[in-house]
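# Working through the structure, step by step
Letter by letter, the chains look like this.
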Amino acid sequence: MSRPILSTDAPPREPATRTHRASPELLLAEQHHMCPGCGEPLAARMILEAIEEMPEIEGAIGVVGIGCYTGFAMSMDVDTIQALHGRAPSLATGAKRMRSDALVFTLQGDGDMVNEGLQEILHTAARGENVTCVLLNNGVFGETGGHMTATTVIGQRTKNSLDGRDAAYHGHPILIGDLIACLDGASYVARSSVHDAKGVIRTKQMLKEAFASQLAGAGFSFVEVLTMCPTGWFIPTAEGPGYLDEVMGSVHVTGELKRDGKRVSPSGSSAGGR
Amino acid sequence: MATATSRGTVTINVAQCKGCELCIPACPPRVLEMSSEVNSNGYAYPLLHPGCTGCGACLLVCPDFVFAVYRFAEPVVHEGSESRESPEVGP
Amino acid sequence: MTARLIEGSEAIAAAGVAAGCRFFAGYPMTPFTEVLEHFATMLPASGGTCINAESELEAVGMAWGAAATGARAATGSCGQGLALMQESFSELTRAEVPLVIFNMARGQGDYFQTTRGGGHGDYRILSLAPIDLGEAVELTQLAFDLADRWRNPVIVVGDYLLAHTHESLDVRPLDFAPLPAKDWVADGELRGAKGSRLVSSLGMDKQGGGESDPERFWKRLDRKAREIAATEQRWESSFTDDAELVVVAYGTAARFARSAIHELRADGIRVGMVRPITLWPFPSQAVREAAERAGHVAVFELNAGQMVDDVRLAVLERARVVSIGGISTDASHFGVGDLLDADRIRKRIERTLRGEEIEP
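Residues numbered from 1 in each chain as written. Chains lettered and ligands numbered in written order. Predicted model: local features only at pLDDT ≥ 70, side-chain atom pairs only at ≥ 80, totals over all residues.

## Some points on the overall build of chain A
From N to C terminus, chain A includes 10 helices and 11 strands. Here chain A, with 274 residues, has 62% of them falling under the buried criterion. (Helix = DSSP H or I, 4+ residues; strand = E, 2+ residues; numbered from the N terminus. Buried ≥ 20, exposed ≤ 12 C-beta atoms within 10 Å, placed from the backbone.)

Written as structure tokens, this is what we have:
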């Protein structure tokens, strides 16, 4: 005999408190075109919740790159500027210089930031620009069909590395969070992964640290969020989190990489549940 | 007769679910199970069994904003299940 | 203010500041570099910001972001640098971002780039070509006004001579008609109640429930471009009423052509000139009417023949159109060639009147 199935189409009749809204107030539309099992909406939710939970944020501008997540420009209830592929950091720079009281963040994928826009992110970080760049890293160009990017790890399946990325043939990935942490202009650098609930919570914590760092004028802040893309990886959706953690998470290691302008040693940075 | 207690519950927006199944293993008490029916988009969706703690893990890992989470003022006891076995419960 | 001896680059920057420009970003490249240097000095003094960007692509991005928040913003380079910015120009035009762009060009070989653009999709950018520093000061301020009035970028086209010539002038702020409030800008205000704004080229809409309608959006942009084309043509005509031959020239080249024409007129030769001030929208009707009356058109430009295409399109067989310019530059390759010489231009006009062909 199987377990009873409870009614879930309306709030409970028994006295209860709603502890979690279905979606943040700052989310304009719950429906989106992201694939089943995509990790990007999890990161987007955390960004919006972080903004909602920080009353010290008096204004916010999001600069959105080009990828699957571009649609979030329409569904985040903060002023948004849509940038070209790779170019969000320079737009964020101009916006922040003119509106220094506002929280200015970018939302970019790995193809956008680390392929097309590598120059932009490195210069913006080195300059110590007081913006927060957020990377959604799934190791593929999701929107164009799942090809390899500069962050795809050795052995990772993508549309043009179906047998796994091969170092001799495809070259090596760039560990962008680690690279940015080397730059003196970068003040807070962290990497999380949304493969489980704990990772999602840690993502929000890191975003809040980064936003606080920006508001304090501490320099460039960066949060890299590893996200699932089962479509791009050609795996069932249920296997996405495990693949993310094992394949990408073993190379792009989660944790705080830099705090208050100082490198955090790898052994001391295992705050991501590793 | 076996009983189960729920400290919390969820609402599930069935129409919005895309059947990714990430909520199933994310639920610590394993009280979510995918349906055999499909929604209007052709996706299976989660069903709730007794034993929810209201922790919100399902909501955190759901890409489609399907869940809202509630905590009961008093734990709710569910009667009537003959067995607490479920194929979804793992080690 | 009184007149003082001032270099073109400085006058242009001063005019930008007088127009309320609050943000400038650029990358050094001859002959534009001094414009960046002067903005770098003047903007902080007036409460604005100037960034020496790490690349041209980042410079236009920064100016785009600044303009999207509502600030008057500008960038610039020479044609080579603007070539790098083409995707951004088309994208931000299609996002209706008002940006002023300075091209201190190496000669006049950027006419196609300026008027056609090298970006993607349907888009039009206004361009203004001053003949001297005084006009550059006026047109720079006009550029910021037109950019805001139409929510469209505007290019101010100069060259090495314009940027590096000293003239005595008084950089006076001009007045313009009031502009509507910028209620579209992404200034970061948390308005709540779904009041956020989106600056985008894709016809996306925050209030549209997550769907975009690019076709409708781009058709509206096209209607705007046609309205600009119909209403913003600017030119200067001289001696065209009784001319047998009309010269068409723009920018610094027109200044030399004008000298030649004055000399010819003094000798009783009936030559006139139509000088486009807006390169786009091209003053087609003015050129056509002058050409029809005269019967002969001589296009003087320092390139292999670019504006002559627009002249031919305007004239449409109603008059004979010839090129009397050509590629002309000195060893510096910055476009200051020996065709910029009133005597040489005069001789070419005379030879054209005699029916001779001019070698390119």
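Next comes the rest of the account.
## Concerning the overall build of chain C
Regarding its fold elements, chain C presents 13 helices and 15 strands. In terms of C-alpha radius of gyration, chain C reaches 21 Å, essentially the compact-globule figure of 21 Å for 360 residues. Seen through its principal axes, chain C has C-alpha atoms that stretch 75 × 45 × 35 Å. A buried classification covers 56% of the 360 residues belonging to chain C. Here the analysis covers contacts within chain C between residues at least 6 apart in sequence; of these, 79% occur between residues at least 24 apart. (Rg over C-alpha atoms; globule rule 2.2 N^0.38 Å. Contact = placed C-beta atoms within 7 Å.)

## What about the domain arrangement of chain C?
All names here are of chain C. If you check the domain split of chain C, you get domain 1 (4-169) and domain 2 (235-353). Computed over C-alpha atoms only, the centres of domain 1 and domain 2 are separated by 26 Å. At the level of elements, helix H6 (111-115), strand E6 (126-128), strand E7 (154-159) and helix H8 (160-164) are the ones that each hand at least two residues to the side of domain 1 that touches domain 2. Per element, the largest residue contribution to the side of domain 1 that touches domain 2 is 4 residues, and it comes from H6. (Domains from an automatic or database assignment.)

## Digging into the interface of chain A and chain B
Many authors give the size of an interface as the accessible area that is lost as the parts come together. Chain A puts 37 residues into the contact, and the matching count from chain B is 40 residues. In terms of residues, the side of chain A that touches chain B owes the most to one element, strand E1 (residues 16-20) of chain A, which gives 5 residues.

## So, the sheet that holds strand E15 (residues 320-323) of chain C
Residue and element names in this part refer to chain C. If you trace the 5 strands from one edge of the open sheet to the other, you get E10-E12-E11-E14-E15, paired in mixed fashion. Looking at strand neighbours, the two that pair on one side only are strand E10 (235-238) and E15, the edges of this open sheet. On average, adjacent strands in this sheet sit at an angle of 20° to one another, irrespective of strand direction. The pairing of E10 with strand E12 (residues 271-276) spans 4 bridges and is classified as antiparallel. Each bridged residue has a counterpart across the sheet, and for Ser-237 the counterpart in E12 is Val-274. Of the strands in this sheet, strand E11 (245-248), E12, strand E14 (296-299) and E15 are in contact with helix H13 (residues 342-353), which crosses E11 at around 140°. (Pairing = 2+ DSSP bridges. Axes fitted to C-alpha atoms, helices over the stretch in contact; angles between N-to-C directions.)

## With respect to the interface of chain C and chain A
Contact residues are listed per partner, giving 38 residues for chain C and 33 residues for chain A. Of all the elements in the fold, those that place two or more residues in the side of chain C that touches chain A are strand E2 (23-26), helix H3 (56-68), helix H5 (86-94) and strand E9 (198-199) of chain C. Considering every element that reaches the side of chain C that touches chain A, the biggest residue donor is H3 of chain C, with 8 residues. Taken together, the 2 bridges between strand E3 (residues 79-82) of chain A and E9 of chain C define a ladder with parallel strand orientation. Bridging from a neighbouring strand, Thr-80 of chain A pairs with Leu-198 of chain C of E9 of chain C.

## Section: the pairing of E14 of chain C
All names here are of chain C. Two strands pair when backbone bridges link them, and E11 and E14 are joined in this way by 3 bridges, in the parallel orientation. What sits directly across from Val-247, in E14, is Ala-298. Here 4 bridges tie E14 to E15, and the two strands are oriented parallel to one another. For Val-299, the partnering residue across the bridge sits in E15 and is Ser-323.

## With respect to the environment of Leu-135 of chain A
Residues and elements named next belong to chain A. Looking at the element boundaries, Leu-135 is found in strand E5 (residues 132-137). The spacing of Leu-135 and Phe-72 is 63 residues in sequence and 14 Å in space, taken between C-alpha atoms. If near-sequence neighbours (up to four positions away) are discounted, Leu-135 is found in contact with Gln-108, Asp-110, Met-113, Ile-176, Glu-224 and Val-225.

## Observations regarding the pairing of E7 of chain C
Residue and element names in this part refer to chain C. Of all 6 residues in E7, 6 are buried, a share of seventy percent or more. Alternating positions in E7 separate into two faces, Val-154, Val-156 and Gly-158 on one and Ile-155, Val-157 and Asp-159 on the other, with burial throughout. As judged from the 6 bridges shared by strand E5 (residues 100-105) and E7, these two strands associate in the parallel manner. If you follow Phe-102 over to E7, its bridge partner there is Val-156. Pairing of E6 with E7, which is carried by 3 bridges, proceeds in the parallel orientation.

## Overview of H13 of chain C
Residue and element names in this part refer to chain C. Taking 1.5 Å per residue as the helical rise, H13 with its 12 residues ought to reach 16 Å, and the 16 Å between its terminal C-alpha atoms agrees with that figure. All buried positions along H13 are accounted for by Ile-345, Arg-346, Arg-348, Ile-349 and Thr-352. Taken around the axis of H13, the buried residues stretch over an arc of 165°, which confines them to a single face. Looking at the buried positions of H13, the neighbouring elements they touch are E11, helix H10 (251-266), E12, E14 and E15. Of the residues one or two after H13, Gly-355 is the one with positive phi, at around 90°. (Expected span 1.5 Å × (residues − 1). Arc of directions from axis to C-beta.)

## What about the sheet that holds E5 of chain C?
Residue and element names in this part refer to chain C. Read across the open sheet, the 7 strands follow the order E3-E2-E4-E5-E7-E6-E13; overall the sheet is mixed. Pairing within the sheet leaves two strands with one partner each, and these edge strands are strand E3 (49-52) and strand E13 (278-280). Across the sheet, the mean angle separating the axes of adjacent strands is 20° when strand polarity is ignored. In terms of strand pairing, E2 meets strand E4 (residues 73-77) through 4 bridges, oriented parallel. When the bridges of E4 are listed, Ala-25 appears paired with Thr-75.

## Thoughts on unusual backbone geometry
Both trends apply: most residues other than glycine have a negative phi, and most peptide bonds are in trans. Following Thr-30 of chain C, the chain continues to Pro-31 of chain C via a peptide bond in cis, the omega torsion being 0°. Structurally, Pro-31 of chain C is set in the loop between E2 and helix H2 (33-45). Even without being a glycine, Glu-21 of chain B presents a positive backbone phi close to 75°. Considering the arrangement of structural elements, one finds Glu-21 of chain B in the loop between strand E1 (2-12) and helix H1 (23-26). Judged by C-beta crowding, with 22 C-beta atoms within 10 Å, Glu-21 of chain B ranks as buried. One non-glycine residue, Leu-316 of chain C, adopts positive backbone phi at about 50°.

## As for the packing of helix H1 (residues 40-52) of chain A against helix H8 (residues 197-215) of chain A
Residue and element names in this part refer to chain A. Where H1 meets H8, the closest approach of the two axes is 9 Å, and the angle between their N-to-C directions is 45°. The pairing of H1 with H8 is recorded here as oblique in orientation. For the element pair H1 and H8, the recorded crossing hand is right-handed. Residues Leu-42, Ala-43, Met-46, Ile-47, Glu-49 and Ala-50 of H1 form the contact with H8, whose own contacting residues are Val-200, Thr-203, Lys-204, Leu-207, Lys-208 and Phe-211. Class assignment of the residues belonging to the contact of H1 with H8 gives a composition of 8 nonpolar, 1 polar and 3 charged. (Parallel < 35°, antiparallel > 145°, perpendicular 65-115°, else oblique. Left-handed = near helix turned anticlockwise from the far one by under 90°. Nonpolar A, V, L, I, M, F, W, Y, C, P; charged D, E, K, R; others polar.)

## Describing the nonpolar core
Core analysis: the largest hydrophobic core is formed by 234 residues, its most contacted members being Cys-58 and Val-61 of chain B together with Ala-63, Leu-99, Val-246, Val-247 and Ala-257 of chain C. Both domain 1 (4-169) and domain 2 (235-353) of chain C contribute no fewer than three residues apiece to this core. (Core = buried A, V, L, I, M, F, W, Y, C linked by C-beta atoms within 7 Å.)

## Comments concerning the environment of Glu-58 of chain A
Here Glu-58 of chain A shows up in the loop between H1 and strand E2 (60-64). Here the alpha-carbon distance between Glu-58 of chain A and Asp-101 of chain A, two residues 43 residues apart in the chain, equals 7.3 Å.

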